[in-house]
Amino acid sequence: MTENRRTTRPPLAGTPSLLRAINDRAALELLLANGPLSRTRIGSLTGLSKPTASQLLARLEAAGLVVPVGTTAGGPGPNAQLYQVNPAAGYVAGLDVTSTHVRVAVADITGATLAEHRVATAGWPVTGTAAGIAEAVAHTVRLAGLPADALHETVIGIGGALDPTTGELRYASHLPGWQSPDLVADLEAALGVPVSIENDVNLAAVAEQALGAAADCEDFVLLWAEEGIGAAIVIGGRLHRGFTGGAGEVGYMPVPGAPVVDDLRKDGSGGFQDLAGEPAVLALAAEHGLAAASAEQAVARAAASPAGEGFLRALAERLAVGLAVIVAVVDPELLVLSGSTPTAGGERLRAMVAEELARISLPRPEVRSSAVPGSPVLHGALQRALATARDALFSTH
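1. A short note on the packing of helix H10 (residues 295–303) against helix H11 (residues 309–330)
Alright, step 1. The N-to-C vectors of H10 and H11 enclose an angle of 125 degrees; their axes lie 8 Å apart at closest approach. On the basis of the axis angle, H10 is oblique to H11. The crossing of H10 and H11 is left-handed. For the pair formed by H10 and H11, the contact residues are Ala298, Val299, Ala302 and Ala303 on the first element and Phe311, Leu312 and Leu315 on the second.
Alright, step 2. A per-class count over the contact of H10 with H11 returns seven nonpolar, no polar and no charged.

2. A few points about the pairing of strand E12 (residues 229–235)
For a regular strand, the rule is simple: side chains alternate between the two faces of the sheet.
Alright, step 1. Across the seven residues of E12, six count as buried, placing the element largely inside the fold.
Alright, step 2. Summarising the sheet, strand E11 (residues 220–225) and E12 pair through six bridges and their orientation is antiparallel. Its bridge partner lying in E12, Leu222 is registered against Ala232.
Alright, step 3. Note: E12 against strand E13 (residues 238–239), two bridges, orientation antiparallel. Bridging across to E13, Val234 finds its partner in Leu239.
Alright, step 4. The antiparallel pairing of E12 with E13 creates a hairpin that spans two residues between the two strands, and Gly236 there sits at a positive phi of about 60 degrees.

3. Overview of the pattern of salt bridges
Alright, step 1. All chains considered together, the criterion is met by 16 salt bridges.
Alright, step 2. Measuring nitrogen to oxygen at the nearest pair gives 2.8 Å for the salt bridge that ties Glu29 to Arg25. Residue Glu29 and its partner Arg25 are both found in helix H1 (residues 16–34); the two are separated by four residues, about one turn of the helix.
Alright, step 3. On the basis of relative accessible area, Arg25 is assigned to the partly exposed category, the value being 22%.
Alright, step 4. One salt bridge connects Arg241 with Glu198, and the closest N-O pair in it is separated by 2.4 Å. On the criterion of sequence distance, the pair formed by Arg241 in the loop between E13 and helix H7 (264–267) and Glu198 in strand E10 (residues 195–199) is long-range, its members being 43 residues apart.
Alright, step 5. Linked through salt bridges whose partners overlap, the residues forming this network are Glu309, Arg313, Arg348, Glu355, Glu356 and Arg359.

The rules we used
Residues numbered from 1 in each chain as written. Predicted model: local features only at pLDDT ≥ 70, side-chain atom pairs only at ≥ 80, totals over all residues. Heavy atoms only, no water. Axes fitted to C-alpha atoms, helices over the stretch in contact; angles between N-to-C directions. Helix = DSSP H or I, 4+ residues; strand = E, 2+ residues; numbered from the N terminus. Parallel < 35°, antiparallel > 145°, perpendicular 65-115°, else oblique. Left-handed = near helix turned anticlockwise from the far one by under 90°. Contact = heavy atoms within 4.5 Å. Nonpolar A, V, L, I, M, F, W, Y, C, P; charged D, E, K, R; others polar. Buried < 20%, exposed > 50% of the residue type's maximum accessible area, 1.4 Å probe, protein only. Pairing = 2+ DSSP bridges. Salt bridge = Lys/Arg side-chain N within 4 Å of Asp/Glu carboxyl O.

Next comes the structure, spelled out in structure tokens:
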């Protein structure tokens, strides 16, 4: 009788080159997180000996990834050389695209923003999207004082989601010129740099996780409320995009208090959007005697006046209805309120939303306001571009 045996191979030891790469990446991450460090400090934080830390820094300096930036002072013994990540090792661009304008920012590999630019998209031909984006990015690169070919990565945040199967941008009928299945290829050809397109609300969540209200949380939902309503879902520290990329398109979600739409493709809107999107907020404000040009303006006026209590309470109830549906399914640790509408309401509106949600929902996650200044979408686009560029640059030296 033949006996079947499974041979167990011992695990392969790390090769010297692999171990060097791991140590180099660890040192670069420490420098990004902590700023300039000495050889001794890098050695103590990584567990490397002084000779090994010296060799590591020599490799990174020769590769152009770190630069000396002065010395320590005030301590016993000779001053120690300090090193930091070389800002000129690479550059990235992030974009926030809306139906009326495009915001562009350019940052160096350390994450420092070098230039920002905003351009109105009125008058752009439908067939000229790639060319218009390329010119906006090129102008921002010039403002940053960089050569035309300086960028390593570009990430575009937009109100839609790329279908991973077809490559087409879905949920974006409000953005003519962005529906081509060759969109990414056209943009890369026009910009001459790798391009990624990401849902704008997802990027706002990336920014909150890296820089804002969700920095200490791996399971959270971000609700975005401006002209439209959307959500981003982060589970175990990772964005959940869904099978077709449409996770978080909660504007279409049927909710109590809003009519159910029979054909979303035809009508183009849905329950939660009809309840808490900008047109609904403006109508609600008018009912409470608050005429305004935008939802942001109406909410800001209400938040600044005791007379706005009724309007804010009604808006909080509407937002809580949609949130209750979301948390019943996801059960997150945290909810982050973002976008111009809840931001304008500040702490007063946040507290009301938390109170109303606790009243109607069994899961009661903490509710926080966005803590990212400026455009969370733009910050998120830069964070995503930086992560990709660093992976490439730090792994190939």
